Structure formats: C-alpha cells, structure tokens
Amino acid sequence: MDLAIWNYPPAEFLVSGFTSGAVENPFRIKRYRPEECAAHLVQDEVDVALLPTMLALQASDAIDVIPSVGLVSWDYPYARLVWGGGLHDFPETIAYDRRVAQERLVTRIVLHEHYEVDPTFVPYEDRTPVELLDTEEDAALMVGPNVPSLQPEPFTIDVGREWYELANYPMVWGLYVTKRDQATDEIIESLIDSAQAAEDNRDVWVQAQETSANLNSFYREDLRTGLDKLAIASLTEFRKYLFYYDVTEDVPDLPFVYLDEDDEEEETEEQ
C-alpha cells in the first residue's frame, strides 16, 4: 500500500512511529506538497493520503476520514503572515502562492473575524516564500517547510496561533483520508498505532532533530497527532466557516470511518 504525506517536518513526526520502527509499517511512504497528495489520491496512485483539512471537507462526499489521528497544532511556524506594519497598520494587499488555499482561507478568516479587516489576496504562481516578499503587495503569506528558518524583518504573525486565539481550539491542518469505502481495518489500525507511537516517542524524535529553540518548543508542546475533543470542536468551527465563507454549499459532513468491531459495538448499543 502507498501512503502520501506532506514534505513538511510536522508530517514526518506524524509518521515517525513507522519510520522509527516502533510499529509495523505496511506502507510505502511518499512525500509531496500538500495539494499534490490530494492529486495522487484522486488519480489512484496512493491508497491513503494526508490531505489539507479544507480539501478533505470539500470532497467529503467522495472520501472517508481515518478517525482519531490528524495533524493538529496550537501554533504553526510553517504559515506566517509578514508585513511592514503592525496590528495598527494592517496590509491592504497580501501576496500568496495560489497553491496554499487552506492557509489563505484561515488567514482571511482570522483577519476578518478577529481584526475586522478584509485585505485583498493576490495570487502568484510558484513563488517561494522569500520571493513573495519581493512583490508589490503590502504583505506576504509565507507557507512551507522552510518558513521557520526565515527571519524576515517586518512584522510577523503565526496563522495557527491566530486561529487558536479566534476559535479557542487548536487548528486541524491535515486529515488522513481514503477514497470512499476504501479504508480497511489494516489501514485504520496502522495509522492510529503510528500516531500513538509518535506521541509515545516524542522526546526521542525531537532530540534527533536539528531545530531552533522555537521549533523545539513547537514539537514538544504544540504539535499533536490525535483528534481529541478539542480538535473535533475545532473541526466543527472550521466546517461552519467553510460554509459562511462560500467555500462549500453547506456545512460539510465529517465522514469518519471506523473499524468493523466499532461498528458492531455501535449497533449493539442501539439495540
């Protein structure tokens, strides 16, 4: 079986239960940009993929979501809005790479709902975060695996932290999904076991990384692999915003799929 994950360090932590040998790995792990993971799943080139939550919810009628596991964080140094002003001088235009649709939406939501400003988002094609700083726009939405290592001089806000301050819940950035009715017990159990093993071996994994003090704190304190009650509450809020901001025609379903034994237990309880 083939598993597509993001080519971001947080995704490596999510699958570190597999890569460390802590649990048996039934997958060939392939790494792509987040939106490319969705394309490979659609084209049947992988069996399961880590999808940006927004893309998963937009396709909720055609996919199944693996329960209990996801890419969740309170802060997110991999998505930052940078501009020359501050909280009293918001940008009127924001440059962004059109491929980062989810981060653009979250930024739009927090700016409108939290700060009551509505800047214009200007899309650019295949621009690196540094190149976005050199556009004519007032601000740059910097997203990607190299963003934490960049040290831009202008004012910067963490998009993940802003979501938490708005919603009071951590942001769920990614979900494991399969095409509808393609999730097997082996897939579900393996992904849940790997995420739990990642949590159990967090200290060992973090110690092996070459990180700054801020990233070390992020991996130790802010990044999570489980969909607990707070994460589910965050997903509920995000689903509503997708509808309010005309991303979906209605509030999308969250199509979790469960192990066969879980289904049997639910049927027994209903009887």
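No experiment lies behind these values; they were computed from the predicted model shown. (Residues numbered from 1 in each chain as written. Predicted model: local features only at pLDDT ≥ 70, side-chain atom pairs only at ≥ 80, totals over all residues. Heavy atoms only, no water.)

### Concerning the layout of surface pockets
Put simply, the largest pocket is a space of about 250 Å³. What lines the largest pocket is a set of 14 residues, and nearest its centre among them are Pro-77, Pro-148, Asp-158, Asn-214 and Leu-215. Ranked by the residues each element gives to the lining of the largest pocket, the list is headed by helix α10 (residues 213-222), at five residues. A breakdown of the residues in the lining of the largest pocket according to their chemical character gives five nonpolar, four polar and five charged. Put simply, the second largest pocket is a space of about 220 Å³. Every residue lining the second largest pocket is counted, 15 residues in all, and those nearest its centre are Arg-33, Thr-128, Pro-129, Val-143 and Gly-144. When contributions to the lining of the second largest pocket are tallied by element, the ones reaching two or more residues are α6 (129-132) and β8 (139-143). Ranked by the residues each element gives to the lining of the second largest pocket, the list is headed by α6, at three residues. When grouped by side-chain class, the residues that make up the lining of the second largest pocket number eight nonpolar, three polar and four charged. (1 Å grid on protein atoms, 1.4 Å probe; cavity = no way out; pocket = protein on both sides within 12 Å on 5 of 7 lines; lining within 4 Å. Points joined across faces, edges and corners; volume = space filled by probe spheres on them. Helix = DSSP H or I, 4+ residues; strand = E, 2+ residues; numbered from the N terminus. Nonpolar A, V, L, I, M, F, W, Y, C, P; charged D, E, K, R; others polar.)

### What to know about unusual backbone geometry
A positive phi angle is found at Glu-116, which is not glycine, with a value near 60°. One can find Glu-116 in the loop between α5 (101-115) and β7 (120-124). Residue classification places Glu-116 among the exposed positions, given a relative accessible area of 70%. (Buried < 20%, exposed > 50% of the residue type's maximum accessible area, 1.4 Å probe, protein only.)

### Observations concerning the packing of α5 against helix α11 (residues 229-244)
Taken N-terminus to C-terminus, the directions of α5 and α11 make an angle of 85°; their axes are 12 Å apart at the nearest point. The pairing of α5 with α11 is recorded here as roughly perpendicular in orientation. Contact with α5, carried on its side by Gln-102, Leu-105, Val-106, Ile-109 and Glu-113, involves Phe-238, Tyr-241 and Leu-242 of α11 and no other residues of that element. Split by residue class, the contact of α5 with α11 holds six nonpolar, one polar and one charged. (Axes fitted to C-alpha atoms, helices over the stretch in contact; angles between N-to-C directions. Parallel < 35°, antiparallel > 145°, perpendicular 65-115°, else oblique. Contact = heavy atoms within 4.5 Å.)

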